[in-house]
Amino acid sequence: MNKLKTPGLLLAIGLTLTTPVFAERDVDAPVTIVPQLGYEVKLTGVSEAVVYLEFAGQKSPAPDWRNFVESQCELYRKVGTTTATPTFADGWDKPLKNRSVTILAKHMRYHFYEFRTYDNGSDDPKEKTEFCGGQYRVRVHTSVAISKVRPERTVNATYEFETKKGLISNLRTAAMVDFRTRFGPADSRFILKPGQGTGVGQVLGLPCVVVPSLLDTKDQTSESCYASADNEKVPKIMEGRALKGISTWWVQGKKISESREATRLIPSGLIDSGVFDGPAGMVMREHTDPGLKAAK
């Protein structure tokens, strides 16, 4: 590990790099990443070698959503089950954005997920909102999930920013894994069987192979584009990773789609290990596998 001398700071969503996003296929000089994840990270001064992946996506709006709510509420008012009339802020007819950041260290994995919904839910998770009450609007939901694999146990932690609550689970470790390489060449060759791909694509300069889902039906389809194996433009550690995906399905005869695509990839990075300690200020519950307790 290398020592970093970066002071703690309140970080906004984004990423700061000291070198370009991509180097050559066999990376010798890692990219230093300053973590910027929307909350304060307590830096340790110790860096971890990581693979960094950032994705952005969107989900198309539900068809006729506002008309459906208004017509239902008009009916409820006529029969006397409500007196409320909802209001609608901008965004009901626009795609809903989402974003994720995944950071893979040797025995640690970090996942930040931010997505949006359009509803009339209360900002206080303890309050329930009537279907026809309040204002429908775009709301942002954020969560973090962290896994740390140790010889004797695996610690999984989840953090929900809306409720400011989380859960720490101590589980028995089945096998030590290196999260940076578990989707390496061997796995990619298993995923991308000869003739299985239906096309080719490119994401951030990396060629990828389009593979449809085996679970497709007439009403729902999905496909992903996996970074190509044995290609000089693709770093070995990125082979077989899904760089782009889209799912489509039909509601009331209208198509809805949800997509995600890599917007930043760093095959060889260094980031402060404090990222893997998670956000502070949460009320955490803890669960421990009974098998671990018995082993003490």
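Reading the values: rules and limits
- Residues numbered from 1 in each chain as written.
- Predicted model: local features only at pLDDT ≥ 70, side-chain atom pairs only at ≥ 80, totals over all residues.
- Heavy atoms only, no water.
- Core = buried A, V, L, I, M, F, W, Y, C linked by side-chain atoms within 4.5 Å.
- Buried < 20%, exposed > 50% of the residue type's maximum accessible area, 1.4 Å probe, protein only.
- Helix = DSSP H or I, 4+ residues; strand = E, 2+ residues; numbered from the N terminus.
- Contact = heavy atoms within 4.5 Å.
- Phe/Tyr/Trp six-rings, centres within 6.5 Å; stacked < 30°, edge-to-face > 60°.
- Lys NZ or Arg CZ within 6 Å of the ring centre and 35° of its normal.
- Disulfide = S-S within 2.5 Å.
- Pairing = 2+ DSSP bridges.

Undergrad: Where do I start with the nonpolar core in this structure?
TA: If you look at soluble globular proteins, the nonpolar side chains tend to sit buried side by side. Judged by nonpolar contacts, the single largest core of 23 residues is most densely connected at Ile103, Tyr110 and Phe276. Looking at this core, the elements with two or more residues in it are strand E2 (31–36), strand E3 (47–59), strand E5 (96–104), strand E6 (108–119), strand E7 (135–149), strand E8 (154–160) and strand E14 (254–272). It is E6 that contributes the most residues to this core, 3 residues altogether. Beyond its immediate chain neighbours, meaning those up to four positions away, Tyr110 contacts Leu37, Tyr39, Val101, Thr102, Ile103, Val144, Ala145, Ile146, Val275 and Phe276. Formed by 17 residues, the second largest nonpolar core is a distinct cluster that contains Leu53, Phe55, Cys208 and Met238.

Undergrad: I tried to follow the packing of aromatic side chains on my own but got confused; where do I start?
TA: Given two aromatic rings, one states the distance between the centres and the angle between the planes to describe the pair. A complete count under the given rule lists 7 aromatic pairs for this structure. Between Tyr39 and Phe161 the ring centres are 5.6 Å apart and the planes differ by 45 degrees, which places this aromatic pair in the tilted class. Residue Tyr39 is located in the loop between E2 and E3, and its partner Phe161 is located in the loop between E8 and strand E9 (165–171); the two are separated by 122 residues in the primary sequence. Three or more aromatic residues link up through ring pairs in this structure, and these residues are Trp65, Phe68, Phe88, Tyr118 and Tyr136. Of note, Arg260 hangs over the ring of Phe55, and the distance from its end group to the ring centre comes to 3.9 Å.

Undergrad: I'm lost on the state of the cysteines in this one. Help?
TA: All told, the structure shown has 2 disulfides when counted by the stated rule. Across a sulfur-sulfur distance of 2.1 Å, Cys73 and Cys132 are joined as a disulfide pair. One quick way to see it: the torsion about the S-S bond of Cys73 and Cys132 is about -100 degrees, and its sign makes the bridge left-handed. One end of the pair, Cys73, is in helix H1 (residues 65–79); the other, Cys132, is in the loop between E6 and E7, with 59 residues separating them in the sequence. Residues Cys73 and Cys132 agree in their burial class; the two are buried.

Undergrad: Honestly, the pairing of strand E11 (residues 206–212) in this entry has me stumped. Any pointers?
TA: Each regular strand shows side chains that alternate between the opposite faces of the sheet. Burial analysis of E11 places 5 of its 7 residues in the buried class, the great majority of the element. Judged from the 5 bridges that link them, strand E10 (residues 199–203) and E11 form a sheet pairing that is antiparallel. Bridging across to E11, Gly201 finds its partner in Cys208. Linking two consecutive strands that pair antiparallel, namely E10 and E11, is a turn of 2 residues; a positive phi of about 50 degrees is found at Leu204 within it. Inspection of the sheet shows E11 paired to strand E12 (residues 220–227) by 5 bridges, in the antiparallel sense. Looking at E12, one finds that Cys208 is bridged to Ala227.

Undergrad: I tried to follow the environment of Ile266 on my own but got confused; where do I start?
TA: Position of Ile266 relative to the elements: it lies in strand E14. Separated by 215 residues in the primary sequence, Ile266 and Val51 place their C-alpha atoms 5.8 Å from one another.

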